[in-house]
Amino acid sequence: MTHEPCRNATRHLLGLEGISSDKITSLLDLAEYYAQMDCRTTSSRDVLRGRTLINLFFEDSTRTRTSFEIAGKRLGADVINMSVPQSSINKGETLLDTAATLNAMHTDLLVVRHSQSGVPTLLAKKVDASVINAGDGLHEHPTQALLDGLTIRHYLGTLAGLTVAICGDIAHSRVARSNIYLLTTMGSHVRLIAPPTLLPNTFRQMGVDIYHHMDEGVKDVDVIMMLRLQRERMSTGLVPSAREYFRFFGLDHRRLNLARKNALVMHPGPMNRGIEIESSVADSDQSVIQKQVEMGVAVRMAVLDDLTRGKDIP
Ligand code: CP
């Protein structure tokens, strides 16, 4: 018997493009509530009691997958981490047949990471579960941008009026894309800093300022967000060498001192120390990289809560 899914786009989190500032603010406020409460208490364990969350990751992950698992468990959900290499996908089952199989088990929340842009959106059309994009190809990584926004708000009190530099491999970064949507919607000024080979012209239409020289780009900014050089996604060598890349686009103490005093240093991780960021800068007092990870759990709790609120358990 076929199962006709309910197709209501607002019950998914597939990206931040087009999401209103009110919606982002309400998610950040809820995440702040979860960040402030002692997560080890049992008071939030009823929020997802009786719900099933499946982590379906076709690409490697440490932070995102683990924090969705922790977030789901802290809210009382049954959490399953599906191991893709040991699943029937390995025997040739298609993605859509896999989705139909998980749908038949009455999954409530499906957290999907895939190397191809658009896979979470495709699955959202086929299943009853709320689908959350945990990073798809070069497209979006919405919960990363939300946790970045929450981290900035935690330290600087607001996103409006700040100048945020996003530096590095913009071309291959779904983190950059989601952050541009979130930050411009919330009233931040966004600068993109990268060599021309790593910054496609399409980004010029996203309400950002473009820089090809790191020293100019980081001058007087409030936040420097460094990106990983994603060599696994490059079909040809877009940078001459890691050493050259660090020389022209790496964040060291001299460049950090060109930004505002006490500017925040951020990185979504995983980091290539010594390639995009000097190790001692990543570990400095201005680095909020570990706070980003901490905020990731709170943001994912907020997203899971928000997507299931008011929905009956099947
Ligand atoms: N920032 C991020 O998505 O990290 P992981 O790949 O470890 O999940």
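Structure first, text after, so check above.
Bear in mind that the values here come from a model prediction, so they are computed numbers and not experimental data. (Residues numbered from 1 in each chain as written. Predicted model: local features only at pLDDT ≥ 70, side-chain atom pairs only at ≥ 80, totals over all residues. Heavy atoms only, no water.)

**Observations regarding the overall build of the chain**
Part 1 of the argument: Helix and strand counts for the chain come out as 11 helices and nine strands.
Part 2 of the argument: Relative to its length of 314 residues, the chain is compact, with a C-alpha radius of gyration of 20 Å against a globular reference of 20 Å.
Part 3 of the argument: Put simply, the chain has 314 residues, and 53% of those count as buried.
Part 4 of the argument: Seen as two clouds, the 35 positive and the 35 negative side-chain charges of the chain have centres 2 Å apart. (Helix = DSSP H or I, 4+ residues; strand = E, 2+ residues; numbered from the N terminus. Rg over C-alpha atoms; globule rule 2.2 N^0.38 Å. Buried < 20%, exposed > 50% of the residue type's maximum accessible area, 1.4 Å probe, protein only. Lys, Arg positive; Asp, Glu negative; His and termini not counted. Charge placed at Lys NZ, Arg CZ, Asp CG, Glu CD.)

**Topic: the sheet that holds strand β8 (residues 223–226)**
Part 1 of the argument: Reading across from one edge, β7-β6-β5-β8-β9 is the order of the five strands in this open sheet, with parallel pairing throughout. Unpaired on one side and paired on the other, β7 (209–211) and β9 (264–266) mark the two borders of the sheet. Ignoring which end each strand starts from, the neighbouring axes of this sheet average 20° apart.
Part 2 of the argument: Note: strand β5 (residues 163–167) against β8, four bridges, orientation parallel. Counterpart to Ile166 in the pairing with β8 is Met225. (Pairing = 2+ DSSP bridges. Axes fitted to C-alpha atoms, helices over the stretch in contact; angles between N-to-C directions.)

**Examining the packing of helix α5 (residues 142–156) against helix α11 (residues 289–308)**
Each pair of packed helices can be described by the angle between their axes along with the distance between the axes.
Part 1 of the argument: Between α5 and α11, the shortest axis-to-axis distance is 8 Å and the interhelical angle comes to 115°. Considering the relative orientation of α5 and α11, their crossing is right-handed. Where α5 approaches α11, its residues Thr143, Gln144, Leu146, Leu147, Asp148, Leu150, Thr151, His154 and Tyr155 are matched on the opposing element by Lys291, Gln292, Met295, Gly296, Ala298, Val299, Arg300 and Val303.
Part 2 of the argument: Residue composition of the contact of α5 with α11, by class: eight nonpolar, six polar and three charged. (Left-handed = near helix turned anticlockwise from the far one by under 90°. Contact = heavy atoms within 4.5 Å. Nonpolar A, V, L, I, M, F, W, Y, C, P; charged D, E, K, R; others polar.)

**Examining unusual backbone geometry**
Part 1 of the argument: The residue after Gly269, namely Pro270, is reached through a cis peptide bond having omega -5°.
Part 2 of the argument: One can find Pro270 in the loop between β9 and α10 (279–282).
Part 3 of the argument: Positioned with a positive phi, Asp220 is a non-glycine residue whose angle comes to about 65°.
Part 4 of the argument: In this fold, Asp220 is placed in the loop between α7 (214–217) and β8.
Part 5 of the argument: On the basis of relative accessibility, which here comes to 39%, the residue Asp220 falls in the partly exposed class.

**Observations regarding the layout of surface pockets**
Part 1 of the argument: Estimated volume of the largest pocket: approximately 400 Å³.
Part 2 of the argument: What lines the largest pocket is a set of 20 residues, and nearest its centre among them are Arg113, Arg174, Arg228, Gly269 and Pro270.
Part 3 of the argument: Among the secondary structure elements, those contributing two or more residues to the lining of the largest pocket are α2 (63–74) and α6 (174–185). (1 Å grid on protein atoms, 1.4 Å probe; cavity = no way out; pocket = protein on both sides within 12 Å on 5 of 7 lines; lining within 4 Å. Points joined across faces, edges and corners; volume = space filled by probe spheres on them.)

**Concerning the sheet that holds strand β1 (residues 52–57)**
Part 1 of the argument: What the four strands build is an open sheet, ordered β2-β1-β3-β4; its pairing is parallel. Edge positions in the sheet fall to β2 (78–82) and β4 (130–136), since each has one partner strand and no second. Across the sheet, the mean angle separating the axes of adjacent strands is 15° when strand polarity is ignored.
Part 2 of the argument: In terms of strand pairing, β1 meets β2 through five bridges, oriented parallel. Within β2, the position partnered with Leu56 by the bridge is Met82.

**A short note on helix α1 (residues 21–36)**
At 3.6 residues per turn, the α-helix brings residues three or four places apart onto the same side.
Part 1 of the argument: The end-to-end C-alpha distance of α1 is 22 Å, a good match for the 22 Å that 16 residues give at a rise of 1.5 Å each.
Part 2 of the argument: Residues of α1 that are buried sit in contact with α5, α6 and α11. (Expected span 1.5 Å × (residues − 1).)

**A look at the site of the ligand**
Part 1 of the argument: Every residue close to the ligand is listed here: Ser61, Thr62, Arg63, Thr64, Arg113, His141, Gln144, Pro268 and Gly269.
Part 2 of the argument: At a separation of 2.6 Å, an oxygen atom of the ligand approaches a polar side-chain atom of Ser61.
Part 3 of the argument: In the model, a nitrogen atom of the ligand is placed 3.0 Å from a nitrogen or oxygen of the Gln144 side chain.
Part 4 of the argument: The cavity where the ligand resides is the largest pocket.
Part 5 of the argument: Split by residue class, the shell around the ligand holds one nonpolar, six polar and two charged. (Near = heavy atom within 4 Å. Polar contact = N/O pair within 3.5 Å; in protein donor to acceptor, adjacent residues only side chain to side chain. Sits in = over half its atoms within 2 Å of the grid points.)

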